[in-house]
Amino acid sequence: MTNPESAPFDVSKPSISRVYDALLGGKDYYPSDEHVLEHLRATMPEVDELAKLNRAVLGRGVRYLAGQAGLKQYLDLGAGLPTMENTHQVAQALQPDARVVYVDNDPIVLAHGRALLGKNGQTSVITADLRDPAAVLAHPDAQRMIDFSEPVAVMLVGMLHHLHDNENPAGVVDGYLDAVPAGSHLFITHFLDTGEESRALEKSFLNFLGTGRFRTRAEIMRLFRGCELVEPGLVPLSRWRPDGIVREKLTLVEEIIVGGIAVKS
Ligand code: SAM
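Analysis parameters
- Residues numbered from 1 in each chain as written.
- Predicted model: local features only at pLDDT ≥ 70, side-chain atom pairs only at ≥ 80, totals over all residues.
- Heavy atoms only, no water.
- Salt bridge = Lys/Arg side-chain N within 4 Å of Asp/Glu carboxyl O.
- Helix = DSSP H or I, 4+ residues; strand = E, 2+ residues; numbered from the N terminus.
- Buried < 20%, exposed > 50% of the residue type's maximum accessible area, 1.4 Å probe, protein only.
- Core = buried A, V, L, I, M, F, W, Y, C linked by side-chain atoms within 4.5 Å.
- Near = heavy atom within 4 Å.
- Polar contact = N/O pair within 3.5 Å; in protein donor to acceptor, adjacent residues only side chain to side chain.
- Areas by Shrake-Rupley, 256 points an atom, 1.4 Å probe, with all protein chains shown as cover.
- Nonpolar A, V, L, I, M, F, W, Y, C, P; charged D, E, K, R; others polar.

### What to know about the pattern of salt bridges
And then number 1: Applying the stated criterion across every chain, the model contains 15 salt bridges.
And then number 2: Between Glu 167 and Arg 131 there is a salt bridge, with the nearest N and O atoms lying 2.4 Å from each other. With Glu 167 in the loop between β4 (153-156) and α8 (169-177) and Arg 131 in the loop between β3 (123-127) and α6 (133-138), this pair connects stretches of sequence that are 36 residues apart.
And then number 3: Exposure remark for Glu 167: the relative accessible area of 21% places this residue in the partly exposed category.
And then number 4: Arg 213 serves as the salt-bridge partner of Glu 202, at 3.1 Å between the closest nitrogen and oxygen.

### Focus: the nonpolar core
And then number 1: Counting 49 residues, the largest nonpolar core has Leu 50, Leu 65, Tyr 74, Leu 201 and Phe 205 as its most contacted members.
And then number 2: The dominant element in this core, judged by the number of residues it contributes, is helix α3 (residues 47-66), at ten residues.

### A short note on the site of the ligand
And then number 1: Around the ligand lies a shell of 20 residues, among which Tyr 20, Asn 54, Gly 78, Asp 104 and Val 157 are the nearest.
And then number 2: The contact in question runs from an oxygen atom of the ligand to an N or O atom on the side chain of Arg 55, over 2.8 Å.
And then number 3: Between the ligand and the protein, one listed contact pairs an oxygen atom with a side-chain N or O atom of Asp 104 at 2.6 Å.
And then number 4: Here the ligand, which alone exposes 610 Å², has 96% of that area covered by the protein.
And then number 5: Mapped onto the shell around the ligand, the elements with two or more residues apiece are α1 (16-23) and α3.
And then number 6: Residue composition of the shell around the ligand, by class: eight nonpolar, seven polar and five charged.

What follows is the structure, given as structure tokens:
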């Protein structure tokens, strides 16, 4: 495997972080990404909304983690390109001394992350493959920023569906949970298999981006590894502690992405 810290940007292949950022309205994408976007939008014209729902719940989730749960340490795995309401901004608004380690294997995230973070000494961006928890946790920045005897927010937001079944997503989660103490929280959002409706989109993700597994509710529940879900449990993202009123009947795009936060005991 090449060392992601020194990997060049390869713009001939689509990048998950650039495609996601484009769905959020960002402009940093290349023809290879555009090709994926065209196919995703042709399959489901509302696909941009999927990314927006995910990004919005990230903000609400971190507000809960920093506010009600009082957490001061964040391991944001598969962090993506900096955009609105980044984890450190939301967390540090409530916990000024909160420390955030962003991890992503796409070197473009490091370049943009450093530009955004500037002098924020409580935040770091690591370019690493999160499928190797031991290597991520041993990284000097993770060791310096995180006190592993205190609770940590382990964030795998919009991320685990980009791991194939043979990449053992549950084992990856274990690798992080085993390293953090009781009282740590696990925050997951994930594409949901709703049958025929989600299958066409999954096919488009897999064919054109290469990843994007829509797992069943039972499969996603297993990724929480026995941690106890806080209210309202594992639910469609628009029903996870919404800021406003949510309509009774959700749209298809709202149904196909779920998430929750759980506590390690
Ligand atoms: N967590 C952010 C959010 O929810 O707004 C970004 C989610 S984005 C859909 C998924 C991110 O995971 C991308 O930036 C991608 O580069 C990153 N990623 C995918 N596979 C990875 C891996 N094996 N190691 C580290 N990062 C990975």
